[in-house]
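A structural walkthrough
Below are the chains, spelled out letter by letter.
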Amino acid sequence: MKFLKVNINTAAPRDPEASILLIYTGGTIGMVSDKEDHHLVPFDFSEVIHRVPEIRQFKVMLTVLSLDPPIDSSNVGVEHWVKLAQVIQVNYHEYDGFVILHGTDTMAYSASALSFLLENLGKPVIFTGAQVPIGRMRTDARRNIITALEIASAHRKGRALVPEVSIFFNTVLLRGNRSTKVESRHFNAFHSGKYPQLAKAGIDIEYNNSVILPAPSQSLRIYQELESQVAVMKLFPGINQSLVEAMLKAEGLKGLVLETFGAGNAPTYPWFLKLLREAVDRGITILNVSQCEEGEVHQGQYETSLYLKEMGVIGGSDISTEAAITKMMFVLAQEVPHPEKVRMLEMDLRGEMTLRN
Ligand code: ASN
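Residues numbered from 1 in each chain as written. Predicted model: local features only at pLDDT ≥ 70, side-chain atom pairs only at ≥ 80, totals over all residues. Heavy atoms only, no water.

Looking up the chain in an unreviewed UniProt entry gives the name asparaginase, with the organism given as Rufibacter glacialis. The chain has a UniProt comment under Sequence similarities (unreviewed entry) that states "Belongs to the asparaginase 1 family." (UniProt positions renumbered as here; feature names shortened; annotations may be inferred.)

Structure below.
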């Protein structure tokens, strides 16, 4: 996988307010209709930039890297996340901020993964994209790119206003690992129901400073390992024993995100309890997250979650599924003893969950 530097004719202002690295990975933002079949396929970024002439008015130094070839975000994998983290590390000191153009379908997963891979991040890493390709009249791409660039450049007294991995979309800036794609048709594609918006873009961009992560006191550390032997199991009434068994006994499985009902509840069928208990005893790490859009997991509130706690299932509080699966990939790849991995999953590492005592 490689990134190409795109030579674009942006203005190089004499007195730039910031320098930004724009990383194009693909997604609808840069798609065109395939001539034969009329389905959307990604296209070259040098074309994309021609559609946003406003960028030339920005007083920022802009460098563009483009994934070659660009991809639909359904094809994003662990290797793309590691590569993006490496690109940010290599360029970290040269730029004030990073904007990643990415398909919307898996953007919340990618933003979550990057939040874990980049520890002590002191600069903005903003994901954005579009619902309508940039070549179309009613595209939302132009506004999303321009606002993301503005937020990535925003600083006060030499410090970035938003030193974390976030998603800017439509009118809102959200913490990356708190976001979920909720819309496939309208422009307000992302939501973060369990955490306040970091900023809202109207006539002005209003920052909600009290909920933005503080600047770190230590320097950036990147991680390059993710464990891919993980799975998500969404519970539903009537779930079938052989399916649960096949999943829990899948060869090599190391971790499971269990999407439970309400405040972290699951069936108490004897076969279900037995399979879960055996999995935990085999060393499979299980993280309990709720299917609810609001509220959190509280293991032990009901009998239907008490046994999960007793057998060693970890309560995920209000973490989203996207953040839970990427956090699990990150934590299980660490070379630390198992109890330390459990402790990390219970902790709030990058603002991804709310801890309540
Ligand atoms: N399929 C596209 C993607 O995620 C959707 C989009 O970007 N709006 O790459």
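So, about the site of the ligand. The ligand sits among Gly27, Thr28, Asp72, Ser73, Gly103, Thr104, Asp105, Ala130 and Gln131. If the ligand stood free it would expose 270 Å²; the protein chains cover 91% of that surface. Across the shell around the ligand, the residue classes tally to one nonpolar, six polar and two charged. (Near = heavy atom within 4 Å. Areas by Shrake-Rupley, 256 points an atom, 1.4 Å probe, with all protein chains shown as cover. Nonpolar A, V, L, I, M, F, W, Y, C, P; charged D, E, K, R; others polar.)

Taken as a whole and assessed by the stated rule, the structure comprises 10 salt bridges. The partner of Glu164 in a salt bridge is Arg175, with the nearest N and O atoms 2.7 Å apart. Of this pair, Glu164 sits in the loop between β10 (159-160) and β11 (165-169) while Arg175 sits in strand β12 (residues 172-175), and the two are 11 residues apart along the sequence. Between Lys327 and Glu352 there is a salt bridge whose closest N-O contact spans 2.6 Å. With Lys327 in helix α8 (residues 321-332) and Glu352 in the segment after α9 (338-346), this residue pair connects regions lying 25 residues apart in the sequence. Judged by relative accessible area, which is 0%, Glu352 ranks as buried. (Salt bridge = Lys/Arg side-chain N within 4 Å of Asp/Glu carboxyl O. Helix = DSSP H or I, 4+ residues; strand = E, 2+ residues; numbered from the N terminus. Buried < 20%, exposed > 50% of the residue type's maximum accessible area, 1.4 Å probe, protein only.)

Let us now look at the packing of aromatic side chains. Applying the stated criterion across every chain yields a total of seven aromatic pairs. What links up through ring pairs into an aromatic cluster is the set Tyr92, Tyr95 and Phe98. The residue whose ring lies beneath Lys123 is Tyr92, and the NZ or CZ to ring-centre distance is 4.8 Å. (Phe/Tyr/Trp six-rings, centres within 6.5 Å; stacked < 30°, edge-to-face > 60°. Lys NZ or Arg CZ within 6 Å of the ring centre and 35° of its normal.)

Quick look at the sheet that holds β12 now. A sheet is described by the order of its strands in space; here nine strands give the open sequence β1-β5-β2-β6-β8-β11-β12-β15-β16, paired in mixed fashion. Looking along the sheet, the strands with just one partner apiece sit at the ends: β1 (2-6) and β16 (205-207). Shown here is a sheet whose adjacent strand axes are inclined to one another by a mean of 25°, direction ignored. Note: β12 against strand β15 (residues 199-201), two bridges, orientation antiparallel. Of the residues in β15, the one forming a bridge with Leu173 is Ala199. Across the face of the sheet, helix α2 (residues 78-91) comes into contact with β1, β2 (18-26), β5 (60-71), β6 (97-101) and β8 (125-128) while running at roughly 165° to β2. Set on the sheet, helix α3 (residues 107-117) makes contact with β8 and β11; between it and β11 the angle comes to about 155°. (Pairing = 2+ DSSP bridges. Axes fitted to C-alpha atoms, helices over the stretch in contact; angles between N-to-C directions. Contact = heavy atoms within 4.5 Å.)

Turning next to empty space enclosed by the protein. Counting across every chain of the model gives one cavity of 30 Å³ or more. Volume-wise, the largest cavity comes out at about 40 Å³. Forming the walls of the largest cavity are Met1, Phe3, Thr25, Leu67, Ile71, Val76, His80, Leu84 and His102. Elements supplying a minimum of two residues to the lining of the largest cavity: β5 and α2. Per-class residue counts for the lining of the largest cavity are six nonpolar, three polar and no charged. (1 Å grid on protein atoms, 1.4 Å probe; cavity = no way out; pocket = protein on both sides within 12 Å on 5 of 7 lines; lining within 4 Å. Points joined across faces, edges and corners; volume = space filled by probe spheres on them.)

Okay, the nonpolar core next. The biggest cluster of nonpolar side chains holds 56 residues, and the ones touching the most others in it are Ile88, Leu114, Leu118, Val125, Phe127 and Phe330. Ranked by the residues each element gives to this core, the list is headed by α8, at eight residues. Residues within four places of Phe127 in sequence aside, it is in contact with Ile100, His102, Met107, Ser110, Ala111, Leu114, Val165, Ser166, Ile167 and Phe168. In this structure, Phe58, Val64, Val99 and Phe168 belong to the second largest nonpolar core, which totals 35 residues. (Core = buried A, V, L, I, M, F, W, Y, C linked by side-chain atoms within 4.5 Å.)

Quantified by volume, the largest pocket comes out at close to 460 Å³. Its residues placed into classes, the lining of the largest pocket shows three nonpolar, seven polar and four charged. What the second largest pocket holds in volume is close to 330 Å³. Around the second largest pocket, the lining comprises 20 residues; the ones closest to its centre are Thr180, Lys194, Cys292, Glu293 and Ser320.

It is worth spelling out the sheet that holds strand β20 (residues 285-290) at this point. Ordered by their spatial adjacency, four strands build an open sheet running β18-β19-β20-β21, and the pairing between neighbours is parallel. Two strands in the sheet have a free side with no partner beyond their single neighbour: β18 (230-234) and β21 (314-315). Taken together, the six bridges between strand β19 (residues 255-260) and β20 define a ladder with parallel strand orientation. Within β20, the position partnered with Leu256 by the bridge is Ile286.

Right, let's talk about the packing of α8 against α9 for a bit. Taken N-terminus to C-terminus, the directions of α8 and α9 make an angle of 150°; their axes are 10 Å apart at the nearest point. What the angle tells us is that α8 and α9 run roughly antiparallel. The handedness of the crossing between α8 and α9 comes out as right-handed. Here α8 contributes Lys327, Met328, Phe330, Val331 and Leu332 to the contact with α9, which in turn contributes Lys341, Met344 and Leu345. Within the contact of α8 with α9, the residues separate by chemical class into six nonpolar, no polar and two charged. (Parallel < 35°, antiparallel > 145°, perpendicular 65-115°, else oblique. Left-handed = near helix turned anticlockwise from the far one by under 90°.)

Secondary-structure assignment places Met344 in helix α9. Separated by 13 residues in the primary sequence, Met344 and Val331 place their C-alpha atoms 6.9 Å from one another. Excluding its chain neighbours within four sequence positions, the residues that come into contact with Met344 are Lys327, Phe330, Val331, Gln334 and Leu349.

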